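Notes for the structure review
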Amino acid sequence: MGVNAKQFLSLINQIYPLQLAQQWDNTGHLIGDEDGQVRKVLLCIDLTEAVYSEAERGGFDAILCYHPVIWEGLKKVTKQSKKPVIYKLIRNGFNVFSVHTACDAAQGGVNDKLAEAVGIEKPKILSDPIELDSDKLWKLTVFVPKDYAASAAEAAFKAGAGKIGNYEACSFRTEGKGTFRPLSGAKPAMGSVDSFEEVSEIRLEAVVPEDKRRKVLEAVLKAHPYEMPAYDFVSMETLKTKYGLGRYGKLKAPATVEEVAKRIKQAAGGEVFGLIGNTKRTVETAAVCAGSCGSIFSSAIKAGCQLYITGEMKHHEALMAQEEGLSCICLSHSVSERFILKSLAENLKSLNKDILAEVSKEDKDPFRWTML
């Protein structure tokens, strides 16, 4: 059955919030129809002609690419233009999405996974730390007749309340007495006009994220029997989650640069790496930043790191790192990112079992490293 493109974008946002993308980036729903069906999704790093042909042959209706297929402003889209694959995608009704730097910054994204492969313990943000307004929490308190408390709580949970870390349906409930006197014009669910009433009620409390506040309130009011329910929201002071580019921290155990490179090869693949510094050197603290992140190697030095792992570095960046005594491993741009696609496919399947997500077999590093 699948979902429509708008709903699919919402699923992506649950995995990698697109608000985390860098301002210069182009992420989200790039090509297609919001109402178009998404049933079978092909995942890739780069949407090339070969990947497009694979999607067409395989009956895919959507493509989720890491790098945006539309990068710069387009002045025309024709079969003969600079990127004819875009013309084909539009003509044949494909929905195309991109995650790029949102995946870089998100928890559980490419940099967290790369840090895990390297063996970094409790990784911290390396560069460009940000917070999301959607991480703000409120505490909802609502007073409900005892017999209706369970149904009101369930309505709140279904709308998004009560989630704390890896737990759901979290609430606190205390029993007490509610009092009221309905006045003329009231339509009380309990008692009668001009009569003082005393009812056994539950004080129901649950946390609600900022972006779910209206939905939760509407759900609770719909499940509540009273004409005028008593409720309030209180802003909660919480330690907001930090997001950003790259990760750094101490290794679980000291290791040589060569040993770390072997770990990465096992996790991310790749046959040939660019190395700076002595491979036999033992390091205790390392930093990672997938893709083209040579420019932030200085952040790794400031963080006290001895080793920096990235996709690629420019020549002058490599020289500066060498002069500063920072060992580096360059995996090549796409090799440093491609391994995240398997995790992304698994996450999509766990969120919606009706969606078939597959990793492209045609998506490859454009470089072929060889000995002449």
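Residues numbered from 1 in each chain as written. Predicted model: local features only at pLDDT ≥ 70, side-chain atom pairs only at ≥ 80, totals over all residues. Heavy atoms only, no water.

If you look the chain up in an unreviewed UniProt entry, it shows as GTP cyclohydrolase 1 type 2 homolog from Sedimentisphaera salicampi. Check the Sequence similarities (unreviewed entry) section of the UniProt entry for the chain; it says "Belongs to the GTP cyclohydrolase I type 2/NIF3 family." (UniProt positions renumbered as here; feature names shortened; annotations may be inferred.)

**Section: the domain arrangement of the chain**
If you check the domain split of the chain, you get domain 1 (3-106), domain 2 (110-128 + 244-336) and domain 3 (137-238). Centre-to-centre, using C-alpha coordinates, domain 1 lies 42 Å away from domain 3. (Domains from an automatic or database assignment.)

**Regarding the sheet that holds strand β12 (residues 243-256)**
In spatial order, the strands read β7-β12-β14-β15-β16-β13; together these six strands make up an open sheet with mixed pairing. Taken across any chain shown, the strands that pair with only one partner, and hence form the sheet edges, are β7 (124-130) and β13 (274-276). The sheet shows a mean angle of 15 degrees between the axes of neighbouring strands, direction not considered. Set on the sheet, helix α8 (residues 257-268) makes contact with β12, β14 (282-289), β15 (307-310) and β16 (327-330); between it and β12 the angle comes to about 120 degrees. (Pairing = 2+ DSSP bridges. Helix = DSSP H or I, 4+ residues; strand = E, 2+ residues; numbered from the N terminus. Axes fitted to C-alpha atoms, helices over the stretch in contact; angles between N-to-C directions. Contact = heavy atoms within 4.5 Å.)

**Quick notes on unusual backbone geometry**
Most peptide bonds take the trans configuration, and most residues that are not glycine carry a negative phi. Of note, the phi angle at His 100 is positive, near 30 degrees, even though the residue is not glycine. Looking at the element boundaries, His 100 is found in helix α4 (residues 100-105). Residues other than glycine seldom take positive phi values, yet Lys 122 does so here, at roughly 50 degrees. Inspection of the secondary structure puts Lys 122 in the loop between α5 (110-118) and β7.

**Notes on the packing of aromatic side chains**
Per the counting criterion, the structure on display carries four aromatic pairs. For the pair Phe 180 and Tyr 226, a centre-to-centre distance of 5.8 Å together with 65 degrees between the ring planes defines the contact as edge-to-face. A residue pair is termed long-range when its members are at least 10 positions apart, and Phe 180 in strand β9 (residues 172-180) and Tyr 226 in the loop between α7 (213-223) and β11 (231-235) qualify at 46 residues. Since its relative accessible area comes to 24%, Phe 180 is described here as partly exposed. With relative accessibility at 14%, the residue Tyr 226 sits in the buried group. A cation over an aromatic ring shows up here: Lys 40 above the ring of Phe 60, its NZ or CZ 4.7 Å from the ring centre. Seen from the ring of Phe 233, Arg 213 lies directly overhead, with NZ or CZ sitting 5.4 Å from the centre. (Phe/Tyr/Trp six-rings, centres within 6.5 Å; stacked < 30°, edge-to-face > 60°. Buried < 20%, exposed > 50% of the residue type's maximum accessible area, 1.4 Å probe, protein only. Lys NZ or Arg CZ within 6 Å of the ring centre and 35° of its normal.)

**Things to note about the nonpolar core**
Within the largest apolar cluster, 54 residues are counted, with the highest numbers of intra-cluster contacts made by Phe 8, Leu 64, Ile 309 and Ile 329. Each of domain 1 (3-106) and domain 2 (110-128 + 244-336) contributes no fewer than three residues to this core. Contacts of Leu 64, omitting those with residues within four sequence positions, involve Phe 8, Ile 12, Val 41, Leu 42, Leu 43, Cys 44, Phe 97, Ser 98, Val 99, Leu 344 and Leu 348. One finds Leu 47, Ala 55, Ile 63 and Ile 70 within the second-largest nonpolar core, a separate group that totals 18 residues. (Core = buried A, V, L, I, M, F, W, Y, C linked by side-chain atoms within 4.5 Å.)

**Quick notes on the sheet that holds strand β2 (residues 28-31)**
The five strands lie next to each other as β2-β6-β5-β4-β17, forming an open sheet whose pairing is mixed. Of all strands in the sheet, those bounded by a partner on one side alone are β2 and β17 (356-359). The sheet shows a mean angle of 25 degrees between the axes of neighbouring strands, direction not considered. Two elements, strand β4 (residues 40-44) and β17, share four bridges in a ladder whose sense is parallel. When the bridges of β17 are listed, Leu 43 appears paired with Val 359. Sitting on the sheet, helix α12 (residues 340-351) is in contact with β4, β5 (62-65) and β17, with an inclination near 175 degrees to β17.

**Quick look at the UniProt feature "binding site: a divalent metal cation" (unreviewed entry) in the chain**
Those places that UniProt annotates as "binding site: a divalent metal cation" (unreviewed entry) correspond, in this numbering, to His 67, Asp 104, His 333 and Glu 337. A maximum C-alpha distance of 13.0 Å is found for the annotated residues, which run over 271 residues; spatially they form one tight group. Looking at the element boundaries, His 67 is found in the loop between β5 and α3 (84-91). Engagement of the side chain of His 67 in a polar contact is seen with the side chain of Asp 46, the distance being 2.6 Å. Within the secondary structure, His 333 is located in the loop between β16 and α11 (335-338). Judged by its relative accessible area of 24%, His 333 is partly exposed. (Polar contact = N/O pair within 3.5 Å; in protein donor to acceptor, adjacent residues only side chain to side chain.)

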